[in-house]
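Letter by letter, the chains look like this.
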Amino acid sequence: TKTHIHRRSGKISTTLGDYHRALGKLPQDRQVLTELAELHWSQATVADDAQQHLQRALAALNVLLESYPQGDEPPETLLLAGRVQAQLGRLDSARTLLASASQRSPGNVEALYHLAVVEMRCGRTGDALHHVREGLQAAPNHEPSRLLLDEVRTLLAQLNGPQPRY
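Calculation criteria
- Residues numbered from 1 in each chain as written.
- Predicted model: local features only at pLDDT ≥ 70, side-chain atom pairs only at ≥ 80, totals over all residues.
- Heavy atoms only, no water.
- Helix = DSSP H or I, 4+ residues; strand = E, 2+ residues; numbered from the N terminus.
- Contact = heavy atoms within 4.5 Å.
- Areas by Shrake-Rupley, 256 points an atom, 1.4 Å probe, with all protein chains shown as cover.
- Expected span 1.5 Å × (residues − 1).
- Buried < 20%, exposed > 50% of the residue type's maximum accessible area, 1.4 Å probe, protein only.
- Polar contact = N/O pair within 3.5 Å; in protein donor to acceptor, adjacent residues only side chain to side chain.

A. Quick peek at the overall build of the protein. The helix and strand tally for the protein stands at nine helices and zero strands. Starting at the N terminus and ending at the C terminus, the protein contains elements arranged as α-α-α-α-α-α-α-α-α. Within the protein, contacts between residues separated by at least 24 positions form 46% of all contacts whose residues are at least 6 apart in sequence. Within the structure as shown, the protein displays about 9100 Å² of accessible surface, and the carbon and sulfur contribution to it stands at 49%.

Listed below in structure tokens is the structure:
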């Protein structure tokens, strides 16, 4: 579609306008909501107005999540919503969403990794260790998880003495 061409060519403001016009006609369109949220999420890492993009991504994700029956939300959507909440500093909400994503998609290394990161930020080092280990069981070569495992072990060693190797 024209919107996808704009997105691939880097015409972000035109792409955003296309998505918003589409939502004006079909406000519950899950694909449009997903793509809009993903675009705002991607812009939050490069744009000067990152907080605004995060807020807009979250608004689209909230509408998207509400369009599903309770318990049927896709794990990918929960994962993205959890990452956005974490980026906004809403760690309790992020933790809930990421835990749901990891429960709905057992062994999802991305969900488990981001859940472990949030647990670390909340000071729940033991829970972080559990989640990062669970992720590494599913994907032993996931480098971000391996690095986080080292970080968790270092912190636990400082607090409690050495931990057994994974």
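Having put the structure on the table, let's press on.
B. Main features of helix H6 (residues 91–104). Compared with an ideal rise of 1.5 Å per residue, which puts 14 residues at 20 Å, H6 spans 20 Å between its outermost C-alpha atoms and is within 8% of the ideal. Within the span of H6, buried status applies to Leu91, Ala94, Leu97, Leu98, Ser100, Ala101 and Ser102. At its buried positions, H6 is contacted by helix H4 (50–66), helix H5 (75–87) and helix H7 (109–121).

C. View of helix H8 (residues 125–138). With 14 residues, H8 ought to run about 20 Å at 1.5 Å a step, and its terminal C-alpha atoms sit 20 Å apart, in line with that. Buried within H8 we find Thr125, Ala128, Leu129, His131, Val132, Gly135 and Leu136.

D. The environment of Thr34, seen in detail. When you line up the elements, Thr34 lands in helix H3 (residues 30–44). When the C-alpha atoms of Thr34 and Ala57 are compared, they prove to be 8.9 Å apart, with 23 residues separating the residues in sequence. A distance of 2.8 Å separates a polar atom in the side chain of Thr34 from the backbone oxygen of Arg30.

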